[in-house]
Amino acid sequence: MNKIFDAHCDTIYELNNRNMSLDKNSIHLDVERMREYDTYIQVFAAFVDKEEISVSPMNHCLKLMDKYHSELEKSGGMLKAIETAADLKRAAESGGAYSILSIEGAEALEGNLSALRMYYKMGVRLITLTWNYANELADGITESRGGGLTGFGREAVSMMESMGILIDVSHLSERGFWDVAECTAYPFVASHSCAKSLCGNIRNLTDEQICAIAGRNGCIGVNFYPEFLSDSGKCDISDIVRHIKYMLELGAENSIGLGSDFDGVECLPHGINGAENMKDIISALSDDGISQRIIDKIAFGNFYRVFYETLSRGAEN
Ligand SMILES: [Zn+2]
């Protein structure tokens, strides 16, 4: 089986900045390279960086979503959007390249719950509640006060659960994480985070957080960013394997996946240049003695399961 499910990339943001195209490009990910695999499902984030933009967060988010939809159209069916559980099932059965739209940074709601329904209609099926800073929902991980979910954040999270939008806690403050764990009932994910016990970067997850996500049947996308993989910042594919094996030791077999962060990071581990190297990560896991059954879950099955459950709650199902 040669199936990949990657829970996070910033390729749309990068394509928009550089005026490039998704079908074929020189950055980390394009449709041509996705199609080298039997099935490749990619979650594409509309990354709302309020430090960098001159327009409002919602305006910026809409611009990126327009780029996403125009790239889908341009692909002429080579890349297909997944918006329902039935779409997802079809993707796994038929093979090819598929996309799921997400938002990274819920400042894109601009404090307005009715924006959630609009974003859902545009195809958004996962929202990363914060980037590193505070927004109307919660504090991001670099906010020194470390606040949790606000009242509005709690309302938004509960509405996301009932609509079938997956909650993503990567970048969220630790208190925010535990608030999400407390006030939600369904699986939630950390789309692009690693293990703090192996690399002390504040963006990484403690053992307790990893076990809480696993205990909820959620999923963690192991991030390929060298700063999150090793304290020295120097690393290769074996460091990705190391984080995966550590989470396996914690008993998270059903909750480990891939969250490359392609095109959201300025460098990648030695041996990885982009989507073409996903197969090398799979080979490295196999060479390390991890069974094919577990590799299939990590490369595809675990995120597939969580998205399938979430999308099944959506209005179209
Ligand atoms: Zn990120």
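The preceding data block contains the structure.
What comes next is a walk through the structure. All chains use their own residue numbering, which begins from 1 and follows the written sequence. For a predicted model such as this one, the threshold for reporting local features is a pLDDT of at least 70, and the threshold for listing and counting side-chain atom pairs is 80 or more; totals across whole chains, interfaces and linings nevertheless cover every residue. Hydrogens and water molecules were not included; the side-chain quantities draw on all heavy atoms of the structure.

### Considering the state of the cysteines
Okay, so step 1: Throughout, a disulfide means two cysteine sulfur atoms within 2.5 Å of one another. Under the counting rule described, the total for this entry stands at 0 disulfides.
Okay, so step 2: Of the cysteine sulfurs around Cys199, a residue in no disulfide, the closest is that of Cys194, at 7.3 Å.
Okay, so step 3: As a non-bridged cysteine, Cys211 has Cys219 as the owner of its nearest cysteine sulfur, 14 Å distant.
Okay, so step 4: Accessibility expressed as a relative area gives 36% for Cys211, which makes it partly exposed. When accessible area is computed with a 1.4 Å probe and restricted to protein chains, residues below 20% of their type maximum are described as buried, those above 50% as exposed, and intermediate ones as partly exposed.

### Some thoughts on the nonpolar core
Okay, so step 1: Nonpolar cores are built from buried Ala, Val, Leu, Ile, Met, Phe, Trp, Tyr and Cys residues. Side-chain atoms within 4.5 Å join them into one set. By size, the foremost hydrophobic cluster in this structure holds 93 residues, and its most contacted members are Tyr119 and Phe262.
Okay, so step 2: Residue contacts follow a heavy-atom distance rule, with two residues in contact if any of their heavy atoms lie within 4.5 Å. In contact with Tyr119, other than residues within four places in its own chain, are Met58, Cys61, Leu62, Met65, Ile103, Ala108, Leu109 and Val124.

### Comments concerning the coordination of the zinc ion
Okay, so step 1: In this listing, donors mean N, O and S atoms no farther than 2.8 Å from the metal, or 3.2 Å for Na, K and Ca; water is missing from the atoms, so a site can look incomplete. Around the zinc ion, the protein supplies Glu104 (OE), His171 (NE2) and His192 (NE2) as donor atoms, at distances of 2.0 to 2.2 Å.
Okay, so step 2: Site description for the zinc ion: donor spacing in sequence, E-x66-H-x20-H. Of this pair, Glu104 sits in strand S4 (residues 96-104) while His171 sits in the loop between strand S6 (166-168) and helix H7 (174-183), and the two are 67 residues apart along the sequence. Helical segments are the DSSP runs of H or I of at least four residues, strand segments are the runs of E of at least two, and each set is numbered from the N terminus.

### Observations concerning the side chain of Ser230
Okay, so step 1: Here Ser230 is to be found in the loop between helix H9 (226-229) and helix H10 (237-249).
Okay, so step 2: Pairing of N or O atoms within 3.5 Å defines a polar contact, subject to two protein rules: one partner must be a possible hydrogen donor and the other a possible acceptor, and residues neighboring in sequence count only if both atoms are side-chain atoms. In terms of polar contacts, Ser230 uses its side chain to reach the side chain of Ser232, at 2.9 Å.
Okay, so step 3: At 3.2 Å, the side chain of Ser230 forms a polar contact with the backbone oxygen of Lys234.
Okay, so step 4: Beyond its immediate chain neighbours, meaning those up to four positions away, Ser230 contacts Cys199, Cys235, Asp239 and Arg242.

### So, empty space enclosed by the protein
Space left empty within the atom packing is revealed by a probe, the size of a water molecule, rolled over the atoms.
Okay, so step 1: Of the grid points, spaced at 1 Å and generated over the protein atoms alone, those admitting a 1.4 Å probe that cannot get out make up cavities, while open sets with protein on both sides within 12 Å along at least five of seven lines make up pockets; any residue with an atom within 4 Å of a point is treated as lining. Grid points are joined across faces, edges and corners, and a volume is the space filled by probe spheres set on the points. Evaluated as defined, the whole model comprises 2 cavities of 30 Å³ or more.
Okay, so step 2: In terms of lining, the largest cavity is formed by 14 residues, of which the most central are Leu172, Arg203, Asn204, Leu205 and Gln209.
Okay, so step 3: Each residue receives one of three labels: charged for Asp, Glu, Lys and Arg, nonpolar for Ala, Val, Leu, Ile, Met, Phe, Trp, Tyr, Cys and Pro, and polar for the others, Gly being one of them. Residue classes in the lining of the largest cavity are distributed as 6 nonpolar, 5 polar and 3 charged.

### Observations concerning the pairing of strand S2 (residues 39-47)
Okay, so step 1: Along S2, 9 of the 9 residues are buried, which leaves the element largely enclosed by surrounding structure.
Okay, so step 2: A pair of strands counts as paired when DSSP detects no fewer than two bridges linking them. Pairing of strand S1 (residues 3-9) with S2 involves 5 bridges; the strand directions are parallel. Opposite Cys9, over in S2, you have Phe44 as the bridge partner.
Okay, so step 3: Bridging between S2 and S4 involves 9 bridges; their strand directions are parallel. Directly across from Val43, in S4, lies its bridge partner Ile100.

### Comments concerning helix H6 (residues 151-163)
Okay, so step 1: Spanning 13 residues, H6 covers 19 Å between terminal C-alpha atoms, matching the ideal 18 Å at 1.5 Å per step.
Okay, so step 2: Here H6 has its buried residues at Phe152, Gly153, Ala156, Val157, Met159, Met160, Glu161 and Met163.
Okay, so step 3: Looking at the buried side of H6, the elements it contacts are helix H5 (114-121), strand S5 (124-128), S6 and H7.
Okay, so step 4: Looking at the residues trailing H6, positive phi occurs at Gly164, about 90°. In a helix, the anticipated span is given by 1.5 Å times the number of residues less one.

### Re the packing of H6 against H7
Okay, so step 1: What counts as an axis is a line fitted to C-alpha atoms, over the stretch in contact for a helix, and the angles between N-to-C directions run from 0 to 180 degrees. Contact geometry of H6 with H7 gives a least axis separation of 11 Å together with a crossing angle of 50°. Comparing their axes, H7 and H6 come out oblique. Where H6 crosses over H7, the handedness of that crossing is right-handed. Contact residues: Arg154, Val157 and Glu161 in H6; Asp179, Glu182 and Cys183 in H7.
Okay, so step 2: Per-class residue counts for the contact of H6 with H7 are 2 nonpolar, no polar and 4 charged. Small angles under 35 degrees read as roughly parallel and large ones over 145 as roughly antiparallel, with 65 to 115 read as roughly perpendicular and the rest as oblique. What makes a crossing left-handed is the near helix being turned counterclockwise from the far one by less than a right angle; a clockwise turn instead makes it right-handed.

### As for the pairing of S5
Residues in a regular strand project their side chains so that they alternate between the two faces of the sheet.
Okay, so step 1: Taken across its 5 residues, S5 has 5 buried, putting it largely inside the fold.
Okay, so step 2: For a crossover, the right-handed case is the one in which the path from the first strand over the helix to the second runs clockwise, viewed with the strands pointing away from the viewer. Remark: the S4/H5/S5 crossover connection has right-handed handedness.
Okay, so step 3: One ladder, built from 3 bridges, connects S5 with S6; its direction is parallel. Residue Ile127 lies in a different strand from S6, and its bridge partner there is Ile167.
Okay, so step 4: Note on the crossover from S5 through H6 to S6: the handedness is right-handed.

As far as function goes, none of this settles anything; it's purely spatial.
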